[in-house]
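# Inside the fold
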Amino acid sequence: MNPQAKLIFALSLTLGTTLTISSNHWIMAWTGLEINTLAILPLISKSHHPRAIEAATKYFLVQAAASTLVLFSSMTNAWHTGQWDITQLSHPTSCLILTVALAMKLGLVPFHFWFPEVLQGSSLIVGLLLSTLMKFPPITLLYLTSPSLKPSVLMTMAILSTALGGWMGLNQTQTRKILAFSSISHLGWMAIIIAYSPKLALLNFYLYTLMTAAVFLSLNSIKALKLSTLMTTWTKAPSLNAILLLTLLSLAGLPPLTGFLPKWLIIQELTKQEVALAATIIALLSLLGLFFYLRLAYCATITLPPHTTNHMKQWYNNKPTNTMVSVLTTMSLMLLPISHIILAVV
């Protein structure tokens, strides 16, 4: 793909995201979502591999259906209340339809089936965009409409997402699919808290974006698409592999790393809201995710492949690590001690 085309698609993604997150009117928000969808499709299918074309087709169909539901929900609300303002969503049917539409956009259970397949058919950089930037507009719409949405529906979806995200990631051998199920699991944490503390859900999303970007860019640097490849990359970039171990543990939410902060705050807030049972369940379900992060970390740094492996050991890479990877991994590990400053800003 030539640089001019890439620039146009990057600008379109920026325009679509900005349009959705800054609009007050449902039609403008819907337009931004559509621009985003149309801009990412050529990036997914640019390799012309059958799997990439299949991924782009699945993504288009699901996103088109979700956008239609967003439009239908807003029109139903406007029909009953005369309001097109995003924050004035008050009709119960509209609220339910919008919850379903945004769950489809994000990949929350039970509308998660498309996400691992689409991520598997994309490159790691496009996978990073799908896991972070493309989820920002729907999360913003959830944030704006959160007072109107039913906490019980969101809580059910959240617990199912954390359970299925952790459970289905256990047996995967492809790094992109593991990160897809990791994304579904993290979305569960955001969905459970958004009705009680929307700012906390956004903080969780920002920190998740930070850590996921660090993992995706690290895997892209060492070109690891499968666990078997990950086992041989210690010869190529030993220092990057060592840092990847810590970043994965941060993504799992282990103290004293950055990933512990949102989980700690969410459990604290849920306990204050007297839904301690949900907090206990979601905390226990996150152990499933911890297992496959540890598996990834084990393959990347601790394990040595057997001598019968079909993969050749890779040449040591003497090039310096990308600055972006260095900054993101440092932030993924070191932000917990300054949590009081982060909370003051948020």
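Residues numbered from 1 in each chain as written. Predicted model: local features only at pLDDT ≥ 70, side-chain atom pairs only at ≥ 80, totals over all residues. Heavy atoms only, no water.

Our working rule: UniProt positions are given in the numbering used here, feature names are shortened, and annotations may be inferred rather than shown by experiment.
Per an unreviewed UniProt entry, the chain carries the name NADH-ubiquinone oxidoreductase chain 2 and comes from Certhia americana. Of the comments in the UniProt record for the chain, the one headed Function (unreviewed entry) reads "Core subunit of the mitochondrial membrane respiratory chain NADH dehydrogenase (Complex I) which catalyzes electron transfer from NADH through the respiratory chain, using ubiquinone as an electron acceptor. Essential for the catalytic activity and assembly of complex I." For the chain, the Catalytic activity (unreviewed entry) comment in UniProt is given as "a ubiquinone + NADH + 5 H(+)(in) = a ubiquinol + NAD(+) + 4 H(+)(out)".

## Observations concerning the overall build of the chain
Short version of the rule: A run of DSSP states H or I qualifies as a helix once it reaches four residues; a run of E qualifies as a strand once it reaches two. Both are numbered from the N-terminal end. Note that the radius of gyration is over C-alpha atoms, with the globule rule given as 2.2 Å times the number of residues to the power 0.38. Here the term buried applies to any residue with accessible area under 20% of the maximum for its type, exposed to any over 50%, and partly exposed to those in between, with areas from a 1.4 Å probe on protein chains only. By definition in these notes, contact holds between two residues if any of their heavy atoms fall within 4.5 Å. Calculation of accessible area relied on Shrake-Rupley with a 1.4 Å probe; when residues are assessed, cover is drawn exclusively from the protein chains displayed. Two residue types count as positive, namely Lys and Arg, and two as negative, namely Asp and Glu; His and chain ends fall outside the count. In plain terms, the charge of a residue is placed at NZ if it is Lys, CZ if Arg, CG if Asp and CD if Glu.
When its secondary structure is counted, the chain shows 16 helices and 0 strands. For 346 residues, the compact-globule formula gives about 20 Å, and the C-alpha radius of gyration of the chain, at 20 Å, lands near that figure. Its C-alpha atoms give the chain principal-axis dimensions of about 70 × 50 × 35 Å. By the burial criterion, 53% of the 346 residues in the chain qualify as buried. Partitioning the contacts of the chain with sequence separation of at least 6, the portion at a separation of at least 24 is 77%. Working note: accessible area of the chain is about 15,400 Å², and carbon and sulfur atoms make up 69% of it. Put simply, the chain has 18 plus and 6 minus side-chain charges, and the middle of one group is 17 Å from the middle of the other.

## Some details on the domain arrangement of the chain
Operational definition: Segmentation of the chain into domains, including their bounds, is taken from an automatic or database domain assignment. Summed over both partners, buried area is the accessible surface (1.4 Å probe) that two parts give up on being assembled. Salt bridges are counted wherever a side-chain nitrogen of Lys or Arg sits within 4 Å of a carboxyl oxygen of Asp or Glu. Counting of polar contacts relies on pairs of N or O atoms within 3.5 Å, with two restrictions inside protein: one atom must be capable of donating a hydrogen and the other of accepting it, and residues adjacent in sequence are counted only when both atoms are side-chain atoms. The nonpolar class holds Ala, Val, Leu, Ile, Met, Phe, Trp, Tyr, Cys and Pro. Asp, Glu, Lys and Arg form the charged class, and all remaining residues, Gly among them, are polar.
The domains assigned to the chain are domain 1 (1-123) and domain 2 (150-345). Tallying the contact residues gives 16 residues for domain 1 and 19 residues for domain 2. Between domain 1 and domain 2 lies a buried interface of about 1,500 Å² when both sides are counted; carbon and sulfur atoms form 76% of it. Three residues stand out in domain 1 for area buried against domain 2, namely L108, V109 and Q120, and they jointly supply 38% of the buried area on that side. For the interface between domain 1 and domain 2, the tally reads 1 salt bridge. A salt bridge links K177 to E117; the shortest N-O distance between them is 3.4 Å. Inspection of the region where domain 1 meets domain 2 yields 5 residue pairs in polar contact (both at pLDDT 80 or more). For the side of domain 1 that touches domain 2, the secondary structure elements donating two or more residues are α4 (92-106) and α5 (114-120). Examining the composition of the side of domain 1 that touches domain 2, we find that 5 residues originate from one element, α5, more than from any other. For the side of domain 1 that touches domain 2, the per-class residue count stands at 10 nonpolar, 5 polar and 1 charged.

## Concerning the side chain of K177
Mapping K177 onto the fold places it in helix α9 (residues 175-193). Taking the relative accessible area as the measure of exposure, K177 reaches 17% and is therefore buried. Separated by 3.4 Å, the side chains of K177 and E117 make a polar contact. Beyond its immediate sequence surroundings of up to four residues, K177 is in contact with P116, E117, Q120 and Q172.

## What to know about the UniProt feature "domain: NADH:quinone oxidoreductase/Mrp antiporter transmembrane" (unreviewed entry) in the chain
Annotation from UniProt places "domain: NADH:quinone oxidoreductase/Mrp antiporter transmembrane" (unreviewed entry) at residues 23-288. Counted over residues 23-288, helix gives 74% and strand 0%. Its end C-alpha atoms are 38 Å apart.

## Focus on the packing of helix α8 (residues 151-168) against α9
The cut-off we apply is this: All axes here are fitted lines through C-alpha atoms, helices being fitted over the stretch that makes contact, and every angle between N-to-C directions spans 0 to 180 degrees. Oblique is the label for any angle not covered by the other classes, which are roughly parallel (under 35 degrees), roughly antiparallel (over 145) and roughly perpendicular (65 to 115). Two helices cross in a left-handed way if the nearer one is turned anticlockwise from the farther one by less than a right angle. They cross in a right-handed way if the turn is clockwise.
As a packed pair, α8 and α9 sit with axes 7 Å apart at the nearest point and diverge in direction by 155°. Relative to α9, the element α8 lies roughly antiparallel. Between α8 and α9 lies a crossing of left-handed hand. Packed against α8, whose contacting residues are L154, M155, A158, I159, S161, T162, G165, G166 and M168, the element α9 presents F181, I184, S185, G188, W189, A191 and I192 at the interface. Partitioned by chemical class, the residues of the contact of α8 with α9 number 10 nonpolar, 6 polar and no charged.

## Notes on a nonpolar patch on the surface
Operational definition: Surface patches are defined over residues having more than 30% relative accessible area and no salt bridge, joining like charges when they lie within 9 Å and nonpolar side chains (Val, Leu, Ile, Met, Phe, Trp, Tyr) when within 5 Å.
Judged by side-chain polarity, L38, F60 and L61 come together as a nonpolar surface patch covering roughly 310 Å² of accessible area. Tracing the backbone shows F60 in helix α3 (residues 50-81). The class for F60 is partly exposed, based on a relative accessible area of 39%.

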